[in-house]
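# Structural overview for review
In case you want the letters, here they are:
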Amino acid sequence: MFVLHKMAMSPSLHSFSLFLAKSTSLPLLKPFQAPPRRFGSVSELQLETQDRTLRDYRGQKNGSLVSTAVATESGTLAQDDAAEFTQKEETERLVLPTNDSSEKLLRIRHTCAHVMAMAVQKLYPEAKVTIGPWLENGFYYDFDMEPLTDKDLKKIKKEMDHIIGRNLPLIREEVSRDEAQRRIMSVNEPYKIEILESIKEDPITVYHIGDEWWDLCAGPHVESTGNIDKKAVELESVAGAYWRGDEKKPMLQRIYGTAWETKEQLKAYLNFKEEAKRRDHRRLGQDLDLFSIQDEAGGGLVFWHPKGAIVRHIIEDLWKKTHLGQGYNLLYTPHVAKADLWKISGHLDFYGENMYDQMKIEDEHYQLRPMNCPYHILVYKRKLNSYRDFPIRVAELGTVYRYELSGSLHGLFRVRGFTQDDAHIFCLEDQIKDEIRSVLDLTEEILLQFGFSKYEVNLSTRPEKAVGGDDIWEKATSALRDALDDKGWSYQIDEGGGAFYGPKIDLKIEDALGRKWQCSTIQVDFNLPQRFDITYVDSNSEKKRPIMIHRAVLGSLERFFGVLIEHYAGDFPLWLSPTQVRVLPITDTQLEFCNEVTRKLERNGIRAEVCHGERLPKLIRNAEKQKVPLMAVVGPKEVESQSVTIRSRLSGELGTFAIDDFISRIKSAIQSITSL
């Protein structure tokens, strides 16, 4: 069964590359460089941001129509940008360690979780402790207690600082299971009893902080609390979390914290977080009027607004053209099916908790689809296929529905209804390698057009429990490995990490901040062909079972759009921008001509709109805030000469152009994915 949307729903933040500086001054029709300029390796932190708008101001020629207006009327915006730029203008390089690269950091984070738990129980004696692991960027601990506030976090951090300052030793102790249970019962910690029951190894290890607090723990920890730099620790937030992730169990208070080896590392991480916050697709989606999730309709259901829908249309159109050019046939299939179909596929048995309740229609039960695979198999089965027909490639932008708890929903990244760019390939065993290589090429072709050129690739092999014989597993795994080697991509082997139905390749794309997002996947499936008994006729007129390959490039349109928004901080390249040109009259006297220009742009396939009713500087400022790439300013001279003065959000003022010349240039730029 093909599970994609729930995979790696949040980015890996341990790979930092902060900050990117966007290409701010591109020559006319220079090929668009995407993603924006990066500094250093994926683990280097570049403490530098450059605001495009500021570059625009600095690049103006005094006295020009546009720059004079901006300088005189939009001074506040320029001053704000200048202040921000000056503050971050000095560059310093800092390599942030990870839990994998620094055992010291891992020990610090683990110990910080214990120190925080000790601090909480000192301040709130009735609080019950549960678990407190380290994370990629810090740690958390869950408590059964009354709800906490930000004010409480400050109190807890102050107590943590006190504990750290006392330089208390961390002492490891081994005890029998009975002794561990006796101690837990004596301090009335019911959750620890449940944790103890889940520990299979003996003896039980306990870690003490001095002689004042202890916890069941396997370690590792620092030698003493004094090994922690209290200025490199910060409590970040508090959230609700069900015990063991079960909504039927108690709601706990989860406190998140971050910890680093030095205060400089903490500062760098906080800067990264601030930049990530600025790029948050939920805020930008609202500010730029791209999408919304309406409470009246329900959580996790996405409304694509006109501007967001235009971007989606561009994505879909590119996706379809690329697939048609690679020999795929497009499909459209229903959103519901009889429940029996999901029994055959195994989804009801293995995936039922993620499916919505059945609907009874004329004494038969139907269900919303959680996946597209069974539909594509039914299309395959509509006729008897010959070995000469292979490979058969079908693709669909198919909307599916998954049940998600309301607490797990997150903007476009985790939703209840989403559209997968789903495709399935039916082929012969000796065609697997070539088909996988073809998918890798197609994946790269599409991702590069959206500005993603750095990937993390994993090849997952056979797990302990699997369907299919050893021979076919080995052949399929070798085909995937050979395709990757032939492609020249570096990859990691995840031994035993494959699905029970076949080996797979997972590809994570790296965004402008160095975060990694699971999008593309290629999965060989030995299970569904058997469940649906699909066959073909071989050269000896005998029926054989074909190989089935699941694959997706973008993952889901919703999630990929969210990644795109954050990658570009909402500042889409020209070819992808929902509005490519905003036509701005100096006064309403030029409005009629502006409307004529806009209509001519639209007839030439350029997305344009007129904005008026404000003074020109405010119109320019509004266009820049809405991240419109090009502004066509029209005054009396432009009307007289039948021209427009073009201002680029990237490069400032570009000059005055005849209408047809401007249209020719922008069409060329859009068609070749370049930037004016």
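First, a word on scope: everything that follows refers to the structure included in this document.

The rules behind the values
- Residues numbered from 1 in each chain as written.
- Predicted model: local features only at pLDDT ≥ 70, side-chain atom pairs only at ≥ 80, totals over all residues.
- Heavy atoms only, no water.
- Helix = DSSP H or I, 4+ residues; strand = E, 2+ residues; numbered from the N terminus.
- Buried < 20%, exposed > 50% of the residue type's maximum accessible area, 1.4 Å probe, protein only.
- Contact = heavy atoms within 4.5 Å.
- Areas by Shrake-Rupley, 256 points an atom, 1.4 Å probe, with all protein chains shown as cover.
- Pairing = 2+ DSSP bridges.
- Axes fitted to C-alpha atoms, helices over the stretch in contact; angles between N-to-C directions.
- Core = buried A, V, L, I, M, F, W, Y, C linked by side-chain atoms within 4.5 Å.
- Patch = residues over 30% accessible without salt bridge, like charges linked within 9 Å, V, L, I, M, F, W, Y side chains within 5 Å.
- Salt bridge = Lys/Arg side-chain N within 4 Å of Asp/Glu carboxyl O.
- Expected span 1.5 Å × (residues − 1).
- Phe/Tyr/Trp six-rings, centres within 6.5 Å; stacked < 30°, edge-to-face > 60°.
- Lys NZ or Arg CZ within 6 Å of the ring centre and 35° of its normal.
- Parallel < 35°, antiparallel > 145°, perpendicular 65-115°, else oblique.
- Left-handed = near helix turned anticlockwise from the far one by under 90°.
- Nonpolar A, V, L, I, M, F, W, Y, C, P; charged D, E, K, R; others polar.

Bringing the overall build of the chain into the picture now. For the chain, the count of helices and strands is 21 helices and 32 strands. Looking at the chain residue by residue over its 676 residues, the buried ones come to 55%. Pairs at least 24 apart in sequence give 74% of the contacts found in the chain among residues at least 6 apart. Split by element, the accessible area of the chain, about 29,900 Å² in all, is 47% carbon and sulfur.

Below, the discussion takes up the sheet that holds strand β10 (residues 251–259). Ordered by their spatial adjacency, four strands build an open sheet running β4-β5-β10-β9, and the pairing between neighbours is antiparallel. Because the sheet does not close on itself, it has two edges, and the strands there are β4 (128–129) and β9 (233–242). The sheet contacts of helix α8 (residues 263–278) involve β9 and β10, and relative to β9 the element is tilted by about 50°.

So, on to the nonpolar core. A general feature of soluble globular proteins is that nonpolar side chains tend to end up buried together. Ile436, Phe450, Ile509, Leu554, Phe560 and Leu564 are the most contacted members of the largest nonpolar core, which totals 62 residues. If near-sequence neighbours (up to four positions away) are discounted, Leu564 is found in contact with Ile315, Phe450, Phe452, Phe572 and Leu576.

A cluster of nonpolar side chains, namely Val336, Met359 and Ile361, defines an oily patch on the protein surface of about 220 Å² accessible area. Mapping Val336 onto the fold places it in strand β14 (residues 336–338).

Our focus in this paragraph is the sheet that holds strand β22 (residues 504–510). Spatial ordering of the open sheet is given by β13-β18-β19-β26-β23-β22-β20-β21, a layout of eight strands whose pairing is mixed. Looking along the sheet, the strands with just one partner apiece sit at the ends: β13 (329–330) and β21 (492–494). As judged from the six bridges shared by strand β20 (residues 455–460) and β22, these two strands associate in the antiparallel manner. Residue pairing in the sheet places Ser460 in a bridge with Lys504 of β22.

Right, let's get into the environment of Gly226. In this fold, Gly226 is placed in the loop between β8 (213–216) and β9. Along the backbone, Gly226 and Ile163 are 63 residues apart, and their C-alpha atoms lie at a distance of 8.6 Å. Contacts of Gly226, omitting those with residues within four sequence positions, involve Ile164 and Asn167.

Every α-helix winds through 3.6 residues per turn, so residues three or four apart in the chain are directed the same way. The end-to-end C-alpha distance of α8 is 23 Å, a good match for the 22 Å that 16 residues give at a rise of 1.5 Å each. Burial in α8 covers these residues: Gln265, Leu266, Ala268, Tyr269, Phe272, Glu275 and Ala276.

So, about the packing of aromatic side chains. Under the definition given, this model contains 20 aromatic pairs. Taking 5.5 Å as the distance between ring centres and 40° as the angle between the ring planes, the aromatic pair formed by Phe450 and Trp575 counts as tilted. One end of the pair, Phe450, is in the loop between α14 (432–449) and β20; the other, Trp575, is in the loop between α17 (557–568) and β27 (581–585), and 125 residues separate them in sequence. In this structure an aromatic cluster arises from ring pairing among Trp304, Phe561, Tyr568 and Phe572. Sitting over the face of the ring of Trp260, Arg109 holds its NZ or CZ atom 4.4 Å from the ring centroid. It is Arg369 that lies over the ring of Tyr375; its NZ or CZ is 5.1 Å from the centre.

Going through the model one piece at a time under the given rule, you end up with 46 salt bridges. Note that Asp441 and Lys487 form a salt bridge whose closest N and O atoms lie 2.7 Å from each other. Residue Asp441 is found in helix α14, and its partner Lys487 is found in helix α15 (residues 470–487); the two are separated by 46 residues along the sequence. Asp441 sits in the partly exposed class, given a relative accessible area of 30%. Residue Lys487 is classed as buried on the basis of its relative accessible area of 16%. Within this structure, Arg437, Asp441, Glu444, Asp486 and Lys487 form a network of salt bridges that share partners.

Here we take up the pairing of strand β23 (residues 516–525). With 10 of its 10 residues buried, β23 lies for the most part within the structure. Of the pairings in the sheet, the one linking β22 to β23 comprises seven bridges and is antiparallel in character. Counted as the bridge partner of Ile509 is Trp517 from β23. Hairpin connection, β22 to β23: the antiparallel pair is bridged by five residues, and Gly514 has positive phi, about 85°. Relative to strand β26 (residues 547–556), β23 runs antiparallel, the two being bridged by five bridges. Its bridge partner lying in β26, Thr521 is registered against Ala552.

For the pair helix α6 (residues 177–186) and helix α7 (residues 190–198), the least separation of the axes is 9 Å and the interaxial angle reads 165°. With respect to each other, α6 and α7 are oriented roughly antiparallel. The handedness of the crossing between α6 and α7 is right-handed. Along the contact surface, α6 presents Arg177, Ala180, Gln181, Ile184 and Met185, while α7 presents Lys192, Ile193 and Leu196. Grouping the amino acids of the contact of α6 with α7 by side-chain chemistry returns five nonpolar, one polar and two charged.

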